[in-house]
Each structure stands twice: as structure tokens, then as C-alpha cells.
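Spelled out, the chains give:
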Amino acid sequence: MEKWDGELKMAKTVFIDVSWTAGGKRKRARQGQPHIVFDGKRFYEVDRLTELRDAREVYIDALFPAIYPDILRLLKNGVKVFLLTNTKILKKLRLENNLRKTHQNDAFILSRIPKEWFRELTIEEIKFKMKLRPVIKKYEWLARWKSTLKGLITKGFDYNFRESIRLIQKDLKKTVKEIISTVSNSRYTEVYRRVCDILRIKDSVEVAVLIMELPLHLGVGKLRAYLGLNPVKNNNHYNRRLRRHLEALAYNIFINNYRRKKDESKEFINILKNASSKGEAILRIQLTILRILRKTWIEAENNQTNERLAGQ
């Protein structure tokens, strides 16, 4: 496969199998897969989407936080970017055409998918996602330091850490409130509220973060790999940061269902009854949450697609 060198003439319309590990500072051998581009005739590898200098329409199969800056740059340069709303059609067309699952084949199949399966990304949407990322990072930082200081106190190292924890907790509450308020008053409101209702929780910053940062248009299998829930297949390479958010949510649900079984989800109660250990229960709860998130997201996207097509 050719490596894009910035000089070859690119087609006006390109189809890309996006990699969440492309670009970055580490060496390719450790880093992972570059983006695979199909221009209708040839395949190319690019590390950054901004290398697509002559493209006017870009069709992608996934939207990861790592590529937000590149997507925003393309949009500001007048390039139209379209996101596949449900990757199940990739598998369907792959089977119908008897193609193996490869990055090149997926890029090729994207070029054969009707346009109504895509939605156009906007500058406002990407800016919104990028604006919230520093707030999410602040929440993660505060939560990590709170946990660290509490752990030191437990081990007997208390250098007035309780006062620090009090201040961190105060800032943490403000940050959590900001994240929940922002997500619950955006285009993601329907998904956020619905997921919280299904999980029987009033508000959850973890649900908000997962909705904002997980590529929920991907199939459940790809999401499991992205979060390290298929460790054997994934060679232990996954998004540990988002996995911690999923684990925290699962643990919270585990505690809620364990302590008060009345009026809780029957599905989670059955997990507690049938799991052989706490670890197995929390893992199965994570998988269940992932399915709920993905199903709710797809239902909301389908509703928006139907409304968009009806308005045309």
C-alpha cells in the first residue's frame, strides 16, 4: 500500500477506515494502525486526516476523540465530513460480498454504502466535544488525586490531606455538575436521560462521559475491543481511560443492586444471582451497560435520521 506523501493528487471524495491509534508521538510499531484511505481507485495510508489536502468530501466509519482536531481543521477548510451512523451495514455488505474483515476492505465498502447511512458533521458539534474535553480531564484528575490522598491516609500518611480532600471534593462537585448540565442540555439529552432511566440512576457523570467520548455508532464487538473487553483478541491494547469510567459506573450499579434489591433492574439482579464472583459480576455489568449505551444511541440516531429524511 502507498504511503501518502502530500504530493500525490487526491480524489475529491475519499472513504476512510479510521484508526484511533493513528498519529501521535510513539513509533508506528508500538502505536498501531494508520488511517486507510480509498479514493475510488487506490488505497493510501495517512497518519493525520489533515494530510488529505485535495479532498472535498470525506466519509469516515468512526469518530474518536483523538481525531477531533483533524476533523475540525477539515471542516474549517470547507471539507464536508460524513460519519457512518451505524456500522452494522459494514458487516452486512462484507458478508454479502464474501470479503474478509480488513482495513482496506472496510474502506472500500464505505464507498458502496448509500449516503443516507451517513450524517454530516458540523463545526459546532466538534467544537462542543472539544470544549467539554478539558472539563472531563479535570474531573478525571480531581477524582484520581482524591483517591490517591485517601489511600495515603488509609496507609497512615496524613499530612493534613483531609483538608486537601475537602477542597478537591468541593471542586469535584462543581466539575461533575458542569459535565452533567452540559450533556443533558445538548443534542445528547435524549440518549443521556434514557440511559440513566434504564440504569435506574438519577444523574451520572460516568454516563455523560461515556456518551460523549465512546464511539457508540460502532458495533458492540468493536466497542468491546476498544475498551479491552476482548483482551485476547485485542493484544491488551485498548482505551484504559474510558474503561475506568465504565468500571466505575459498573461498580456503582453493583453496589446499588447489592444493597437495595427492591425496584432495581431485574437484569442486574440476575447478574448478581448467577455470577460466581464479584469480579465476574462487575464484568458482566460492564458488558450490559455497553449494550444499553449502544442500543440507546442507535435508536436516537435512527430517529434523527428518519426526521431528516422526512424533512427532505
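Side note on the overall build of the protein
For the protein, the helix and strand inventory stands at 13 helices and seven strands. Within the span of the protein, comprising 312 residues, buried residues form 49% of the whole. Total accessible area on the protein is roughly 17,200 Å²; 50% of this is exposed by carbon and sulfur atoms.

Remarks on unusual backbone geometry
Phi is positive for asparagine 98, which is not a glycine, with a value near 55°. Here asparagine 98 is to be found in the loop between α3 (88-96) and α4 (103-110). With a phi angle near 60°, asparagine 160 is a residue other than glycine that sits in the positive phi range. Take asparagine 160: it is sitting in the loop between α5 (123-154) and α6 (161-183).

Observations concerning the packing of α5 against helix α8 (residues 205-213)
Where α5 contacts α8, the axes come no closer than 11 Å and their chain directions differ by 140°. Classified by the interaxial angle, the pair formed by α5 and α8 is oblique. Handedness of the α5/α8 crossing: left-handed. Two secondary-structure elements touch here, α5 through Phe128, Lys129, Leu132, Arg133, Ile136 and Tyr139 and α8 through Val205, Glu206, Val209, Met212 and Glu213. Of the residues that constitute the contact of α5 with α8, the class distribution is seven nonpolar, no polar and four charged.

Description of the pattern of salt bridges
Scanning all chains against the criterion turns up 20 salt bridges. As a salt-bridge pair, arginine 94 and aspartate 106 come within 3.0 Å of each other at their nearest N and O atoms. On the criterion of sequence distance, the pair formed by arginine 94 in helix α3 and aspartate 106 in helix α4 is long-range, its members being 12 residues apart. In terms of burial, arginine 94 and aspartate 106 fall into one category: buried. For arginine 119, the salt bridge identified is with glutamate 125, shortest N-O distance 2.8 Å. Among the charged side chains, a salt-bridge network with shared partners connects Arg94, Lys101, Asp106 and Lys222.

Regarding helix α12 (residues 266-274)
All of the buried residues in α12 are Phe268, Ile269, Ile271 and Leu272. Along α12, the residues classed as buried sweep out an arc of 155° about the axis, all on the same side. Within α12, the exposed residues directed more than 90 degrees away from the buried face are Lys266, Lys273 and Asn274.

Examining the packing of aromatic side chains
For the structure shown, the criterion picks out 12 aromatic pairs. On the basis of an interplanar angle of 80° and a centroid distance of 5.0 Å, the ring pair of tyrosine 59 and phenylalanine 118 is categorised as edge-to-face. Within this pair, whereas tyrosine 59 is found in strand β5 (residues 57-60), its partner phenylalanine 118 is found in strand β7 (residues 118-120), the two being separated by 59 residues in sequence. Aromatic side chains phenylalanine 64 and tyrosine 226 sit 5.3 Å apart centroid to centroid with 40° between the ring planes, which places their arrangement in the tilted category. On the criterion of sequence distance, the pair formed by phenylalanine 64 in the loop between β5 and α2 (68-76) and tyrosine 226 in helix α9 (residues 220-226) is long-range, its members being 162 residues apart. The same class applies to phenylalanine 64 as to tyrosine 226, namely buried. Members of the aromatic cluster, connected to one another through ring pairs, are Phe15, Tyr59, Phe82 and Phe118. Sitting over the ring of tyrosine 238, arginine 240 keeps its end group 4.4 Å from the ring centre.

Some details on α6
Between its first and last C-alpha, α6 extends 32 Å over 23 residues, near the 33 Å set by a 1.5 Å rise per residue. Turning to α6, its buried residues number three or more, namely Phe161, Ile165, Ile168, Leu172, Thr175, Ile179, Ile180 and Val183. The secondary structure elements touched by the buried residues of α6 are α5, α7 (189-199) and α8.

Some points on a nonpolar patch on the surface
A surface patch of nonpolar side chains, about 320 Å² in accessible area, is lined by Leu152, Phe157 and Tyr159. Structurally, leucine 152 can be placed in helix α5. Among the residues examined, leucine 152 registers a relative accessible area of 30% and is labelled partly exposed.

What counts as what
Residues numbered from 1 in each chain as written. Predicted model: local features only at pLDDT ≥ 70, side-chain atom pairs only at ≥ 80, totals over all residues. Heavy atoms only, no water. Helix = DSSP H or I, 4+ residues; strand = E, 2+ residues; numbered from the N terminus. Buried < 20%, exposed > 50% of the residue type's maximum accessible area, 1.4 Å probe, protein only. Areas by Shrake-Rupley, 256 points an atom, 1.4 Å probe, with all protein chains shown as cover. Axes fitted to C-alpha atoms, helices over the stretch in contact; angles between N-to-C directions. Parallel < 35°, antiparallel > 145°, perpendicular 65-115°, else oblique. Left-handed = near helix turned anticlockwise from the far one by under 90°. Contact = heavy atoms within 4.5 Å. Nonpolar A, V, L, I, M, F, W, Y, C, P; charged D, E, K, R; others polar. Salt bridge = Lys/Arg side-chain N within 4 Å of Asp/Glu carboxyl O. Arc of directions from axis to C-beta. Phe/Tyr/Trp six-rings, centres within 6.5 Å; stacked < 30°, edge-to-face > 60°. Lys NZ or Arg CZ within 6 Å of the ring centre and 35° of its normal. Expected span 1.5 Å × (residues − 1). Patch = residues over 30% accessible without salt bridge, like charges linked within 9 Å, V, L, I, M, F, W, Y side chains within 5 Å.

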